[in-house]
Amino acid sequence: MGLLSDPNRRRALISMLTRLNAPICVVCYFAGVAWFMGLAFEPFTLRTYMSENAMGSTMVEERFPAGERALATGREFAAHKKKVGGMPVDWLVKNMQDRGLEVFTQSFSRTLPFPDENKERYIVKGTNVYGILRAPRAPRTEALVLSAPCSPGDSNNQAVGLLLGLAQYFRNQIYWAKDIIFLVNEHDLIGMQAWLEGYHHTNTTGMSWSPLQGRGGSIQAALSLELSSDVITSLDLVLEGLNGQLPNLDLANLFYAFCQKIGVLCTIQGKLQRNDWDSVSGYSHTVQTMMLMVMKQASGRPWGDHGLFLRYHIEAATIKGVNSFRQYKTDATTIGRLLEGMYRKLNNLLERLHQSYFFYLMPSLSHFVSIGYYMPAFGLLAVILLLRALDLWVQLNTPPSTTEDGVADIDQQSSPGVLSVLTPLVISHLTGVALYALPIRFQETAVEHFPVSETEAVVLTAIAIYTAGLALPHNTHRLLSGEGTEQGWRVLKLVAVLYLAVLLGCTALINFSLGFILALTLVPLAAFVTPHVPKVLSAFILVILSPACTLLFSVFFFQELQEMPVSFQDGWLLYLSVISQGILDHSLYGSLVYPLIALLVYPCWLLFWNILFWK
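Predicted model only: the values in this text are computed from it and were never measured. (Residues numbered from 1 in each chain as written. Predicted model: local features only at pLDDT ≥ 70, side-chain atom pairs only at ≥ 80, totals over all residues. Heavy atoms only, no water.)

Below, the discussion takes up the overall build of the protein chain. Of regular secondary structure, the protein chain possesses 22 helices and 12 strands. Rg of the C-alpha trace for the protein chain: 28 Å, near the compact-globule value of 25 Å for 615 residues, within the 12% margin. Projected onto the principal axes, the alpha-carbon positions of the protein chain cover approximately 100 × 60 × 45 Å. Across the 615 residues of the protein chain, 54% fall into the buried class. Pairs at least 24 residues apart make up 81% of the contacts formed inside the protein chain by residues separated by at least 6 positions. Counting only carbon and sulfur atoms, one obtains 61% of the accessible surface of the protein chain, whose full area is about 26700 Å². On the protein chain, the mean spot of the 43 positive side-chain charges and the mean spot of the 46 negative ones are 5 Å from each other. (Helix = DSSP H or I, 4+ residues; strand = E, 2+ residues; numbered from the N terminus. Rg over C-alpha atoms; globule rule 2.2 N^0.38 Å. Buried < 20%, exposed > 50% of the residue type's maximum accessible area, 1.4 Å probe, protein only. Contact = heavy atoms within 4.5 Å. Areas by Shrake-Rupley, 256 points an atom, 1.4 Å probe, with all protein chains shown as cover. Lys, Arg positive; Asp, Glu negative; His and termini not counted. Charge placed at Lys NZ, Arg CZ, Asp CG, Glu CD.)

Structure follows, in structure tokens:
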């Protein structure tokens, strides 16, 4: 504090920071990147451990015996599904009733804002079927959920069969202290969204659904099961939910503990854990696993039906069966016993899962990176913006230079008008509003005048509006009528840099992965763009580091991480599909990534584009 309270020392510190501003910023950027890459090195991570005392031991005896019978039920379910051409509601109701459950159905419908070409649907109508096993030893104030989506074709039939098998087995046990809800939802995430809204008496997405006739207690935890083969080689744990939310780490720890106990191969991001962490290939494998989690979390979309539970503060995950070419095989009985053990442990909970971490990254199932370890990487990038803001503030408060006659430089002395700063801010955000609102509203007009589908119209309209924003400097200076001054662009950049610092900071607190990826691309251009740099080269760099190009590069990078590289043409089509899915996810489930980019990040980038072409 003495350093800041002493005027002489304070001036010396500010002088040093402004004199060494550029070198310090470069060092901070590379230090932030190096810190982040070091997070995947095993000695720098923490070993997972169970924080919740009620789930601290796996000393329960799993006795589920009916794996083969569950598979036979799954084949019967598949036959009825094929016969009716969709969800066999009557068959499911009868089978759940035969197993002693209280069975209810919920119908729902939703008209999409534009057709979903990936799943070939526009008007979605379906029915959810769920059965409730009432707790025999408690007042029925809490519940657990086991769900299995009814997927089209031959997908996930085994999961429904195992769900019904577990329902029958659980019905004969007397130790349940919580209601257990067995849910089969139609149309994947849309059906799950309808059921959750009906269960909690909310309607945040405008979906039409019938009220639920039966409810259990307050839902404490949920698992979604995806199995599409009679025999699997490993179980993959999916954690990423809506807007980058993650379940409490103890849920992942519980899954890993029972996999270790029962002897089931388990993966995260589809990657097996390796023990050669001190080798180059082992470290590369860990980086690949962690970066896959970062990319999925940054997308903001739910990567399984569990992802929608998290917005209701329900800890949930998806367990996905994988049948690969590995020699190790696991049958349905073993998977059933694993689920039995997990639910028996969740049944012991006296309160919601809260003692472990909610913000973390997982380079493997046995190690994790807590928020206290990864936030400094973002902090090193964010401090660059504060250093540049300090430098600009000092420049704005420095007295203008004088000539030999003692006359101050007129250009340096003139203060910027309000319009010179306010006009770019207003126009940039109006462009962002147009990017957010117009693509869906103008789809019918675009289809009438151009030979494109509704989905293509929405995506191409968004790209056209985004590209039209590049004309902002010309429109701005036409409105300013030549009011731009040397001090004007400094004031505008000071506002833009502080704006970006607050925006990235808030984003990183909610979704670290998205905030960090945006910081990697936006911080360098925000730090060094001025009107005095070479225009053509700088404009090219700004476009390369823009949000749209960042998304394009992320698409190709994600495919490389999944070891499924694509050509440029296929990657471009995938890029267009990602844009349409982002808009759909916002309309259907409330994903915040598209409005964040359109209304805040893109207008902020346009401010730096305006500074580059300042006159």
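There's plenty left to go through after this.
Now for helix 6 (residues 157-171). Compared with an ideal rise of 1.5 Å per residue, which puts 15 residues at 21 Å, helix 6 spans 22 Å between its outermost C-alpha atoms and is within 8% of the ideal. Most of helix 6 is tucked away, with 13 of its 15 residues classed as buried. (Expected span 1.5 Å × (residues − 1).)

This part takes up the pairing of strand 4 (residues 142-150). Burial analysis of strand 4 places eight of its nine residues in the buried class, the great majority of the element. With six bridges connecting them, strand 4 and strand 7 (residues 218-226) associate as parallel partners. Paired with Glu-142 across the strands is Ser-218, a residue of strand 7. With eight bridges joining them, strand 4 and strand 5 (residues 179-186) adopt parallel strand pairing. In the sheet register, Leu-144 faces strand 5, and the bridge partner there is Ile-180. (Pairing = 2+ DSSP bridges.)

Let us look at the pattern of salt bridges. Per the stated rule, a full pass over the model turns up 12 salt bridges. Between Lys-261 and Glu-62 there is a salt bridge, and its shortest N-O distance comes to 3.0 Å. Remark: Glu-62 occurs in the loop between strand 1 (46-47) and helix 4 (67-84) and Lys-261 occurs in helix 8 (residues 249-262); sequence separation between them is 199 residues. Judged by its relative accessible area of 37%, Lys-261 falls in the partly exposed class. (Salt bridge = Lys/Arg side-chain N within 4 Å of Asp/Glu carboxyl O.)

The next point concerns the packing of aromatic side chains. In this description, a pair of aromatic rings is defined by centroid distance and the angle of the planes. Applying the stated rule across the entire model yields 28 aromatic pairs. Plain terms: the ring middles of Phe-41 and Phe-44 are 5.4 Å apart, the flat faces sit at 70 degrees to each other, and that makes the pair edge-to-face. Aromatic pair Phe-77 and Trp-91: ring centres 5.9 Å apart, planes at 45 degrees, arrangement tilted. Residue Phe-77 is found in helix 4, and its partner Trp-91 is found in helix 5 (residues 89-98); the two are separated by 14 residues along the sequence. Trp-91 gets classed as buried once you look at its relative accessible area, which sits at 9%. Site record: aromatic cluster; members linked through ring pairs are Phe-64, Tyr-169, Phe-170, Tyr-175, Trp-176, Phe-182 and Tyr-343. It is Lys-296 that lies over the ring of Trp-303; its NZ or CZ is 5.1 Å from the centre. (Phe/Tyr/Trp six-rings, centres within 6.5 Å; stacked < 30°, edge-to-face > 60°. Lys NZ or Arg CZ within 6 Å of the ring centre and 35° of its normal.)

Before going further, it helps to spend a moment on the nonpolar core. Counting 117 residues, the largest nonpolar core has Phe-36, Trp-195, Phe-309 and Phe-608 as the members making the most contacts within it. When neighbours within four sequence positions are excluded, Phe-36 is seen to be in contact with Met-290, Met-291, Val-294, Leu-361, Ala-377, Phe-512 and Phe-516. Ranked by size, the runner-up nonpolar core spans 67 residues in total, among them Phe-64, Met-87, Leu-133 and Leu-163. (Core = buried A, V, L, I, M, F, W, Y, C linked by side-chain atoms within 4.5 Å.)

Take the sheet that holds strand 10 (residues 315-322) next. What the nine strands build is an open sheet, ordered 6-2-3-5-4-7-10-8-9; its pairing is mixed. For this open sheet the edge positions go to strand 6 (208-209) and strand 9 (266-268), each flanked by a neighbour on one side alone. Looking at chain direction, strand 7 and strand 10 are connected through six bridges and run parallel. Within strand 10, the residue paired with Leu-225 across the bridge is Ile-319.

Mapped onto the elements of the fold, Gln-173 is located in the loop between helix 6 and strand 5. Look at Gln-173 and you get buried, because its relative accessible area is 19%. A distance of 3.2 Å separates a polar atom in the side chain of Gln-173 from the backbone oxygen of Tyr-169. (Polar contact = N/O pair within 3.5 Å; in protein donor to acceptor, adjacent residues only side chain to side chain.)

With that settled, consider helix 19 (residues 535-544). Every buried residue of helix 19 is accounted for by Ser-538, Ala-539 and Leu-542. What you see down the axis of helix 19 is that its buried residues fit within an arc of 100 degrees, all on one side. The outward face of helix 19, more than 90 degrees from its buried face, is lined by the exposed residues Val-536, Leu-537 and Phe-540. Of the surrounding secondary structure, the elements contacted by the buried residues of helix 19 are helix 18 (512-528) and helix 22 (593-612). (Arc of directions from axis to C-beta.)

UniProt records the feature "transmembrane region" (unreviewed entry) for residues 20-41, 371-390, 418-438, 496-529, 536-558 and 592-614 in the present numbering. In this annotation, residues 371-390 is assigned 100% helix and 0% strand; the end-to-end C-alpha distance for the span is 28 Å. Secondary structure content for residues 592-614 is 87% helix and 0% strand, and the end C-alpha separation is 32 Å. (UniProt positions renumbered as here; feature names shortened; annotations may be inferred.)

Attention now goes to empty space enclosed by the protein. For the structure on display, the rule yields one cavity of 30 Å³ or more. Elements with a contribution of two residues or more to the lining of the largest cavity: helix 4 and helix 6. At three residues, the largest contribution of residues to the lining of the largest cavity is made by helix 4. In the lining of the largest cavity, the residues fall into two nonpolar, three polar and two charged. (1 Å grid on protein atoms, 1.4 Å probe; cavity = no way out; pocket = protein on both sides within 12 Å on 5 of 7 lines; lining within 4 Å. Points joined across faces, edges and corners; volume = space filled by probe spheres on them. Nonpolar A, V, L, I, M, F, W, Y, C, P; charged D, E, K, R; others polar.)

Once that is clear, we can look at the layout of surface pockets. Considering only enclosed or pocket space, the second largest pocket measures out at about 350 Å³ in volume. If you go around the second largest pocket, you meet 26 residues; those closest to its centre are Leu-272, Gln-273, Arg-274, Ser-364 and Ser-366. The set of elements that each furnish at least two residues to the lining of the second largest pocket consists of helix 8, strand 9, helix 9 (280-299) and strand 11 (360-364). Of all the elements, helix 9 adds the most residues to the lining of the second largest pocket, at four residues. Residue classes in the lining of the second largest pocket are distributed as 11 nonpolar, 12 polar and three charged.

For the rest of this paragraph, the subject is the state of the cysteines. As used here, a disulfide is simply a covalent bond connecting the sulfur atoms of two cysteines. The full count for this structure, using the stated rule, is zero disulfides. Cys-28 forms no disulfide, and the closest cysteine sulfur to it belongs to Cys-25, at a distance of 6.6 Å. The class of Cys-28 is buried, set by a relative accessible area of 12%. (Disulfide = S-S within 2.5 Å.)

Further remarks concern the environment of Tyr-373. Within the secondary structure, Tyr-373 sits in helix 11 (residues 371-397). Tyr-373 sits 13 residues away from Tyr-360 along the chain, and the two C-alpha atoms are 9.0 Å apart. Apart from the residues within four sequence positions on either side, Tyr-373 is in contact with Trp-35, Leu-39, Phe-44 and Leu-46.

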